[in-house]
Amino acid sequence: KAGVTQTPRYLIKTRGQQVTLSCSPISGHRSVSWYQQTPGQGLQFLFEYFSETQRNKGNFPGRFSGRQFSNSRSEMNVSTLELGDSALYLCASSLSPSNTRGNTGELFFGEGSRLTVL
Amino acid sequence: GENVEQHPSTLSVQEGDSAVIKCTYSDSASNYFPWYKQELGKRPQLIIDIRSNVGEKKDQRIAVTLNKTAKHFSLHITETQPEDSAVYFCAARNDYKLSFGAGTTVTVRA
């Protein structure tokens, strides 16, 4: 079974541009979460999607958005890029959403998309 | 919301010694506590987890303990080996989301 696939793996943008990152979850997984990883900050939760609906959102500005398609693939978009947006963006899939009562499902992470903003 | 604090941020141990990483959480409703290991340049992977109805869990050289009253949990690695060098993240899940600690960089010296 193929793992979580993220594209592109690396990209360089300039301030003010926008970027779209893609994530294909493990087959059969319907929940996709996005995290921003920066040195010293750990994994900061961006949002989670399940069945094409955003189930939860972290404390990021509105420049960060996402969506999920009917095949469970997800995209996240960052508009008006800032230098501080440089980070590794990780996608993780699971069978069911984090806020399913009693859910203790494992998250399976992708390799990440490393974004550098110049 | 849930707030997870993790200590120490870096940990250097001699091969064969033990390593302990501690985390605290704020939401008493949190009921699931996984630990993820991220080797350099690789994705985070689950290494062990514990549910709120269990106080301790072991898997070979790795063990996790949970104190619900104090709202803290710990990862113990015994007989450390060079391949244990990585960043370790603790996390806590309540009814809303999974929140991660800032990570601990563990270096095992040969």
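Residues numbered from 1 in each chain as written. Chains lettered and ligands numbered in written order. Predicted model: local features only at pLDDT ≥ 70, side-chain atom pairs only at ≥ 80, totals over all residues. Heavy atoms only, no water.

Engineer: Help me get a handle on the interface of chain A and chain B, residues and values and all.
Structural biologist: The interface is formed by 22 residues belonging to chain A together with 19 residues belonging to chain B. Carbon and sulfur atoms supply 47% of the area buried between chain A and chain B, which totals about 1900 Å² over both sides. The interface formed by chain A and chain B includes 1 salt bridge. For the salt bridge of E111(A) with R43(B), the shortest nitrogen-to-oxygen distance reads 2.9 Å. Our count for the chain A to chain B interface comes out at 4 residue pairs in polar contact (both at pLDDT 80 or more). Its residues placed into classes, the side of chain A that touches chain B shows 8 nonpolar, 11 polar and 3 charged. (Contact = heavy atoms within 4.5 Å. Buried area = accessible area lost by both parts, 1.4 Å probe. Salt bridge = Lys/Arg side-chain N within 4 Å of Asp/Glu carboxyl O. Polar contact = N/O pair within 3.5 Å; in protein donor to acceptor, adjacent residues only side chain to side chain. Nonpolar A, V, L, I, M, F, W, Y, C, P; charged D, E, K, R; others polar.)

Engineer: Can you lay out the state of the cysteines for me, pointing to particular residues and giving the numbers?
Structural biologist: Summed over the entire model, instances satisfying the criterion amount to 2 disulfides over all chains. Each sulfur of the disulfide joining C23(A) and C91(A) lies 1.7 Å from the other. Judged by the torsion about the S-S bond (-55 degrees), the C23(A)/C91(A) disulfide is left-handed. Pair noted here: C23(A) is in strand β3 (residues 19-24) and C91(A) is in strand β9 (residues 87-94), with a separation of 68 residues, a long-range link. The pair C23(A) / C91(A) is uniform in exposure class, with both members buried. Between the sulfur atoms of C23(B) and its disulfide partner C90(B) the distance amounts to 2.0 Å. Between C23(B) and C90(B), the S-S dihedral sits near -100 degrees, and the bridge is therefore left-handed. Separated by 67 residues along the polypeptide, C23(B) in strand β3 (residues 19-25) and C90(B) in strand β9 (residues 86-93) bring together distant segments of the chain. (Disulfide = S-S within 2.5 Å. Helix = DSSP H or I, 4+ residues; strand = E, 2+ residues; numbered from the N terminus. Buried < 20%, exposed > 50% of the residue type's maximum accessible area, 1.4 Å probe, protein only.)

Engineer: Which residues make up the nonpolar core, and what are the values?
Structural biologist: Membership of the largest hydrophobic core comes to 22 residues, with the highest contact counts inside it found for I21(B), Y25(B), F33(B), W35(B), F73(B), L75(B) and Y88(B). At the level of secondary structure, the elements contributing two or more residues to this core comprise β2 (10-14), β3, β4 (32-38), β5 (45-51), β7 (62-67), β8 (72-77), β9 and β11 (104-109) of chain B. The next biggest cluster of nonpolar side chains, apart from the first, holds 21 residues, and it includes L11(A), I26(A), L81(A) and A87(A). (Core = buried A, V, L, I, M, F, W, Y, C linked by side-chain atoms within 4.5 Å.)

Engineer: An account of the packing of aromatic side chains is needed here, citing residue identities and associated values.
Structural biologist: One pair of aromatic rings is described through two measures. These are the centre distance and the angle between the planes. A complete count under the given rule lists 12 aromatic pairs over all chains for this structure. A ring pair is formed by F109(A) and Y36(B), whose centres lie 5.5 Å apart and whose planes are at 85 degrees; its orientation type is edge-to-face. Taken together, the residues span two chains, with F109(A) in strand β10 (residues 108-109) and Y36(B) in strand β4. Centre to centre, the rings of Y25(B) and F73(B) are 6.0 Å apart; their planes meet at 55 degrees, and the pair counts as tilted. Here the residue Y25(B) occupies a position in strand β3, and F73(B) occupies one in strand β8, the gap between them amounting to 48 residues. Overall, F73(B) belongs to the buried group, its relative accessible area being 0%. (Phe/Tyr/Trp six-rings, centres within 6.5 Å; stacked < 30°, edge-to-face > 60°.)

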